[in-house]
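Structural overview for review
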Amino acid sequence: MINEFRVTTRCAGRVPPEAVRQTVLDRVYDGTSPFQGFPPPHVSGLLHEKTIRGWGSYGAVFANLIRKVRPRVIVEVGTFLGASSIHMAELTRRLGLDAVILCVDDFRGWPGFRGGKFGFVKYVNGDVMLLYQFMQNTVSSNATGSVLPVPFSSGSALQKLCEWGVQADLIEVDAGHDFNSAWADVNRAYRILRPGGVIFGHDYFTVADNRGVWRAVNLFAKLNRLQVRTDGQHWVIDS
């Protein structure tokens, strides 16, 4: 019965790592960088110069895995304001790695997220400025050469990366924390993980949805005969 929930789409042949950034630019942005001419006039007055906030974005797991894998292509599923992606950009830069970090997120947040500490994120006619603030954070961190947003839902973006032949050396999954979202994200993300790569994610110990992330990751590992290990708050699976 569980086979009905597996992702079976075949991926295209692997695009060389050095061609991944241009492939995404061509497919998503008509060949031009989204940072060109940024910020647009209608949002420039609504952004903070640099406001980076997240959860578990500076854990030792990032440095540990980047030193181990030495990735050329990183995919992050769930980006928010860019704390972990910008951190990974700095880590790869220190190691002299020419890496591209693809940030998959619809940049809509969740209903009501602007309350409390995220009240600074503005709206214009119902359009939340989350993508623009993420991009501003990336610009201010001098990370535009490696970090690239892929602003779609995780399901549609991971499906297209598969179809385009994009394979990642390292994938972080940190989007929805309920079982169904985590299950779908891990299954689709694993399909674009190159042999020998590593997939990992945050909130392994969260109680959300009756430990939804824990249940999804453990079931995925069991069905695929893989081992789950932990590093702080993160789960890690070697392919």
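Residues numbered from 1 in each chain as written. Predicted model: local features only at pLDDT ≥ 70, side-chain atom pairs only at ≥ 80, totals over all residues. Heavy atoms only, no water.

- An unreviewed UniProt entry lists the protein under the name Class I SAM-dependent methyltransferase, from Linum tenue.

**Things to note about the sheet that holds strand β7 (residues 193-201)**
- Across the sheet, 7 strands lie side by side as β5-β2-β1-β6-β7-β9-β8; this open sheet has mixed pairing. In this open sheet, the two edge strands, each paired with only one partner strand, are β5 (147-150) and β8 (228-231). Mean inter-strand twist for the sheet, computed between neighbouring axes without regard to direction, equals 20 degrees.
- Inspection of the sheet shows β8 paired to strand β9 (residues 234-238) by 4 bridges, in the antiparallel sense. Within β9, the position partnered with Val228 by the bridge is Ile237.
- Set on the sheet, helix α3 (residues 60-69) makes contact with β6 (168-173), β7, β8 and β9; between it and β7 the angle comes to about 175 degrees. (Pairing = 2+ DSSP bridges. Helix = DSSP H or I, 4+ residues; strand = E, 2+ residues; numbered from the N terminus. Axes fitted to C-alpha atoms, helices over the stretch in contact; angles between N-to-C directions. Contact = heavy atoms within 4.5 Å.)

**Some points on the pattern of salt bridges**
- Per the counting criterion, the structure on display carries 9 salt bridges.
- The salt bridge partner of Asp169 is Arg14, with a shortest N-O separation of 3.7 Å. Residue Asp169 is located in strand β6, and its partner Arg14 is located in the segment before α1 (17-29); the two are separated by 155 residues in the primary sequence.
- Where salt bridges share partners, they join Arg14, Asp169 and Arg194 into one cluster. (Salt bridge = Lys/Arg side-chain N within 4 Å of Asp/Glu carboxyl O.)

**Considerations on the state of the cysteines**
- Applying the stated criterion across every chain yields a total of 1 disulfide.
- There is a disulfide in this structure between Cys11 and Cys162, and the S-S distance comes to 2.1 Å. Its S-S torsion of approximately -110 degrees makes the covalent link between Cys11 and Cys162 left-handed. Taken together, the positions of Cys11 in the segment before α1 and Cys162 in helix α6 (residues 154-164) put the pair 151 residues apart, joining distant regions of the chain.
- When its relative accessible area of 3% is taken as the criterion, Cys162 is described as buried.
- No disulfide involves Cys103; its sulfur sits 20 Å from the nearest other cysteine sulfur, which is in Cys162. (Disulfide = S-S within 2.5 Å. Buried < 20%, exposed > 50% of the residue type's maximum accessible area, 1.4 Å probe, protein only.)

**Re helix α7 (residues 179-191)**
- If you check α7, its first and last C-alpha atoms are 19 Å apart, about what 13 residues at 1.5 Å a residue would give, namely 18 Å.
- Of the surrounding secondary structure, the elements contacted by the buried residues of α7 are β1 (73-77), α6, β6, β7, α8 (208-223) and β9.
- Structurally, the start of α7 carries an N-cap: the backbone nitrogen of Asn180 is 3.3 Å from a side-chain oxygen of Asp178. (Expected span 1.5 Å × (residues − 1). Polar contact = N/O pair within 3.5 Å; in protein donor to acceptor, adjacent residues only side chain to side chain.)

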